[in-house]
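As a plain string of letters, each chain reads:
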Amino acid sequence: MKLIVQIPCYNEEQTLPATVADIPRRIEGVDTVEVLIVDDGSTDGTVEAARRAGVDHIVQHTGNRGLARSFATGLAACLKQGADIIVNTDGDNQYAGASIPDLVRPIVEGRADVVVGDRRTDRIPHFSRMKKWLQRSGSLLVRYLSGLAIPDAVSGFRAYSRDAALRLNVLSDFSYTVESLIQAGRMGLAVTSVPVETNPKTRESRLFRSLPGFLWKQLLTMFRSYTMYRSLRVFATLGLVLLMIGLVPVVRFLIYFLLGQGEGKVQSLILGATFITLGYVTFVSALLADAIAMNRRLLETTIETVRRLDLREAGDGPGRDAAAGPGERRETRPPSPAAVE
């Protein structure tokens, strides 16, 4: 069984060596452990630091595409390198490499497809009270949207089985954490969580620069992801709300009309008719959106099949150099001696 630890990086020259050194190269139930970094257009010496640290595979974006795109690139590269399990961690050494064996154990034992590392944020001293509250609230919302009881929904320390990695499709440009959980829940993948350790803070988060901006992007990602899989429920609920709003002024007008006082109350009728029309249009949109969602599920099945065939025909297996996609450069070196002992 082959495990590849992928690390999306953007200007991580200072922290990457410690992150790589912290990754265990021997894990029970795993035959080979390799490390792959995705350099997202860094302008410092991240790539050189990765080479010096003994990273096995390097994928480079020619420009900065963001964390979500780097994560998706890493999944594809790990699959082409023959990974059976893929662990995602951060290049700032936030997550303790010593927790990787705990993270992959449910997959090795066949109990899970996706495992999310629970940082137990209440115990992290540098997290503000506001950040801890937002993390709890966000995780509860993701739990409702995905149907998964994951206490730390935005944790980037995760393990994926090969099957899960083949099925996931990340569309967001911002962050993959919430979107991939909602996808996994709606696809029926087995998702669990395990406690993990964290290291002392090395730098400020690059996703949390502005609280309002961060919240808006996360909420937008949640809404888009949920709507893609539950479009009928979303639009039907909206249509029902508009219909109920429209009925209020219409009923008001009818009451006055029956009492012989309808004159001058036509505005209520017009307003109500407008909302009822909007509700009807929304209901029709719900049916169309549901048809599109069904088509999306068919496309996801097709994409998964194509990926499997592509990997099989390309001689998917350890040691194979993965072909670079547009705007990417890849280099692969033989596994370090520690990885094959």
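In short, a report on the structure. (Residues numbered from 1 in each chain as written. Predicted model: local features only at pLDDT ≥ 70, side-chain atom pairs only at ≥ 80, totals over all residues. Heavy atoms only, no water.)

Relative to each other, helix α5 (residues 129–146) and helix α7 (residues 177–187) sit at 30 degrees, their axes nearing to 8 Å. Seen along the crossing, α5 lies across α7 with a hand that is right-handed. Contacts between α5 and α7 pair Val142, Tyr144, Leu145 and Ser146 from the former with Val178, Leu181, Ile182, Gly185 and Arg186 from the latter. (Axes fitted to C-alpha atoms, helices over the stretch in contact; angles between N-to-C directions. Helix = DSSP H or I, 4+ residues; strand = E, 2+ residues; numbered from the N terminus. Left-handed = near helix turned anticlockwise from the far one by under 90°. Contact = heavy atoms within 4.5 Å.)

We now examine the environment of Tyr10. Looking at the secondary structure, you find Tyr10 in the loop between β1 (2–9) and α1 (16–21). Tyr10 sits 81 residues away from Gly91 along the chain, and the two C-alpha atoms are 8.0 Å apart.

Our next topic: the pattern of salt bridges. For the structure on display, the rule yields 9 salt bridges. As a salt-bridge pair, Arg25 and Asp56 come within 2.9 Å of each other at their nearest N and O atoms. Placement of Arg25 in the loop between α1 and β2 (32–40) and of Asp56 in the loop between α2 (46–53) and β3 (57–61) is noted, with a sequence separation of 31 residues between them. Of the two residues, Arg25 and Asp56, both sit in the buried class. Arg308 is paired through a salt bridge with Glu304; the nearest N and O atoms lie 2.9 Å apart. In this pair, Arg308 and Glu304 are both assigned in helix α10 (residues 266–313), 4 residues apart and thus about one turn of the helix distant. Judged by its relative accessible area of 17%, Glu304 is buried. One connected set of salt bridges, linked through shared partners, spans Asp163, Arg167, Glu304 and Arg308. (Salt bridge = Lys/Arg side-chain N within 4 Å of Asp/Glu carboxyl O. Buried < 20%, exposed > 50% of the residue type's maximum accessible area, 1.4 Å probe, protein only.)

Turning to the packing of aromatic side chains, a few remarks are in order. Per the stated rule, a full pass over the model turns up 4 aromatic pairs. Geometrically, the ring pair formed by Phe71 and Tyr160 is tilted, given 5.7 Å between the ring centres and 55 degrees between the ring planes. Within this pair, whereas Phe71 is found in helix α3 (residues 67–80), its partner Tyr160 is found in strand β6 (residues 158–161), the two being separated by 89 residues in sequence. Owing to a relative accessible area of 0%, Phe71 belongs among the buried residues under this scheme. (Phe/Tyr/Trp six-rings, centres within 6.5 Å; stacked < 30°, edge-to-face > 60°.)

A few words on the environment of Leu232. Mapped onto the secondary structure, Leu232 falls in helix α9 (residues 231–258). Judged by relative accessible area, which is 35%, Leu232 ranks as partly exposed. Sequence separation between Leu232 and Val284 is 52 residues; the distance between their C-alpha atoms is 9.9 Å. Setting aside its immediate chain neighbours within four residues, Leu232 contacts Ala286, Leu287 and Asp290.

Here the focus is the pairing of β2. Most of β2 sits out of view: 9 of its 9 residues are buried. Pairing geometry for β1 and β2, over 8 bridges, is parallel. Across the sheet, the residue bridging to Cys9 is Asp39, located in β2. At this point the chain moves from β1, through α1, to the parallel β2, and the crossover so formed is right-handed. Here β2 runs beside β3; their pairing, made up of 5 bridges, is parallel. In the strand pairing of β3, Leu36 is matched with His57. Between the parallel elements β2 and β3, the chain passes through α2 in a crossover that is right-handed. (Pairing = 2+ DSSP bridges. Right-handed = clockwise from strand over helix to strand, strands pointing away.)

The subject of this paragraph is a nonpolar patch on the surface. Among the surface-exposed residues, Leu240, Met244, Leu247, Val251, Ile255, Leu259 and Phe283 lie close enough to one another that they form a single nonpolar patch of about 610 Å² accessible area. Ranked by residues supplied to the nonpolar patch, first place goes to α9 with 5 residues. Looking at the element boundaries, Ile255 is found in helix α9. (Patch = residues over 30% accessible without salt bridge, like charges linked within 9 Å, V, L, I, M, F, W, Y side chains within 5 Å. Areas by Shrake-Rupley, 256 points an atom, 1.4 Å probe, with all protein chains shown as cover.)

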